[in-house]
Every structure is written in structure tokens, then in C-alpha cells.
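Take a look at the letters that make up each chain.
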Amino acid sequence: MPAGCSCAATSTQLRERVIVWYHEMNIPIDEIVTLSGLSRATVCKILQLYNNHGSLHNLLNLPSGRHRCNLEAGDLMYIQGLLSANPTMFLDEIQDHLAETRNIKVSIATLSRTSEIL
């Protein structure tokens, strides 16, 4: 692994080695940098994270992005049935029906995109 790689891209196995080298084998940080091919800053971040949280990964990080609702085939058939029975049904009404009958929380934007393909 090239020097200067980011801490997030460092494999779990290499992180474990860094911890063992430092805490169990008492290898100095500069030598760990040479052995691992990581930058000094990355090695220090791994050790700091382990010392602060007792973990190889930051458990406080939240996943990026947002949860997307994936409508399944049965959901699409249900929406299609609703629209066939009532073609002038509003999207918020479809949203309410899905929440009540199928226990699905879906955004108006998703329903709008879905209605375009039905």
C-alpha cells in the first residue's frame, strides 16, 4: 500500500497489525510507517482511534447518504391497482394507503417517479 493512503481505505488486517506492532511489540511509530507503507498521520489516526474508542473503526461515523425506499413488485402492483380504480388519486393519498395497508413509508418524490413508469 502506498505511503500517504487515507485511514478510511486502510484494510482491517493492516489496522490490526498497526495496533499489535505498537501496543504488543512496542515498535516505534516511525518503524510502523516503514513496515506498513502508511503515512505517519494515518498510523497516528489508527492508534488514536483505537486508544479513544477501543475499536479499529470510528463507530461514531454515520453512514453517508440517505435511506432509499425500494418499492417491490407487489408494491408497484398495489399502486397500479389503486390508480386503475381511481386515476385521479393524489400522490399523498397513495402515500397514506401504502403506509396503512402495506406498512411502507415512501416519499412523494418516489411516488412521482414511480407513477411516471406505471
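Fair warning: this is a prediction, and the values are worked out from it, not measured in the lab. (Residues numbered from 1 in each chain as written. Predicted model: local features only at pLDDT ≥ 70, side-chain atom pairs only at ≥ 80, totals over all residues. Heavy atoms only, no water.)

Judged by side-chain charge, Asp92, Glu93, Asp96 and Glu100 come together as a negatively charged surface patch. Judged by relative accessible area, which is 66%, Glu100 ranks as exposed. (Patch = residues over 30% accessible without salt bridge, like charges linked within 9 Å, V, L, I, M, F, W, Y side chains within 5 Å. Areas by Shrake-Rupley, 256 points an atom, 1.4 Å probe, with all protein chains shown as cover. Salt bridge = Lys/Arg side-chain N within 4 Å of Asp/Glu carboxyl O. Lys, Arg positive; Asp, Glu negative; His and termini not counted. Charge placed at Lys NZ, Arg CZ, Asp CG, Glu CD. Buried < 20%, exposed > 50% of the residue type's maximum accessible area, 1.4 Å probe, protein only.)

The next thing to look at is the packing of helix 2 (residues 29-36) against helix 3 (residues 40-53). Two elements in contact, helix 2 and helix 3, have axes separated by 9 Å at closest approach and are oriented at 110°. The orientation of helix 2 with respect to helix 3, classified from their angle, is roughly perpendicular. Pair helix 2 / helix 3 crosses with right-handed handedness. On helix 3, the residues touching Ile29, Asp30, Ile32, Val33 and Ser36 of helix 2 are Arg40, Val43, Cys44 and Leu47. Its residues placed into classes, the contact of helix 2 with helix 3 shows six nonpolar, one polar and two charged. (Axes fitted to C-alpha atoms, helices over the stretch in contact; angles between N-to-C directions. Helix = DSSP H or I, 4+ residues; strand = E, 2+ residues; numbered from the N terminus. Parallel < 35°, antiparallel > 145°, perpendicular 65-115°, else oblique. Left-handed = near helix turned anticlockwise from the far one by under 90°. Contact = heavy atoms within 4.5 Å. Nonpolar A, V, L, I, M, F, W, Y, C, P; charged D, E, K, R; others polar.)

Under the criterion given, the structure shown has two salt bridges. Among the salt bridges present, the one from Asp30 reaches Arg40, with a minimum N-O distance of 2.6 Å. Of this pair, Asp30 sits in helix 2 while Arg40 sits in helix 3, placing them ten residues apart in sequence. Among the ionic pairs, Asp75 bridges to Arg102, the shortest N-O distance being 2.8 Å.

It is worth spelling out the nonpolar core at this point. The biggest cluster of nonpolar side chains holds 13 residues, and the ones touching the most others in it are Val18, Ile32, Leu38, Val43 and Leu47. For this core, the secondary structure elements donating two or more residues are helix 1 (12-24), helix 2 and helix 3. Ranked by residue count, the leading element in this core is helix 1, at four residues. If we ignore the near neighbours within four places in the chain, the residues touching Leu47 are Val18, Ile19, Tyr22, His23 and Ile29. Of all hydrophobic cores here, the second largest spans nine residues; its members include Leu71, Met89, Leu98 and Ile104. (Core = buried A, V, L, I, M, F, W, Y, C linked by side-chain atoms within 4.5 Å.)

Model confidence for the protein chain is summarised by a mean pLDDT of 86, while 86% of its residues fall at 70 or above. Averaged over each element, pLDDT in the protein chain is lowest for helix 6 (residues 108-117) (86) and highest for helix 2 (96). For residues 1-8, every residue scores under 50 in pLDDT, and the model assigns this stretch 23 contacts once sequence neighbours within four places are set aside. (pLDDT = per-residue confidence, 0-100.)

Turning to the environment of Ser112, a few remarks are in order. Checked against the element boundaries, Ser112 lands in helix 6. Classification of Ser112 by relative accessible area gives partly exposed; the value is 27%.

Running from N to C, helix 1 and helix 3 point in directions that differ by 80°, and their axes come no closer than 10 Å. When the interaxial angle is binned, helix 1 and helix 3 end up roughly perpendicular. Here helix 1 contributes Arg15, Val18, Ile19, Tyr22 and His23 to the contact with helix 3, which in turn contributes Val43, Ile46, Leu47, Leu49, Tyr50 and Asn51. Taken together, the residues that form the contact of helix 1 with helix 3 break down as eight nonpolar, two polar and one charged.

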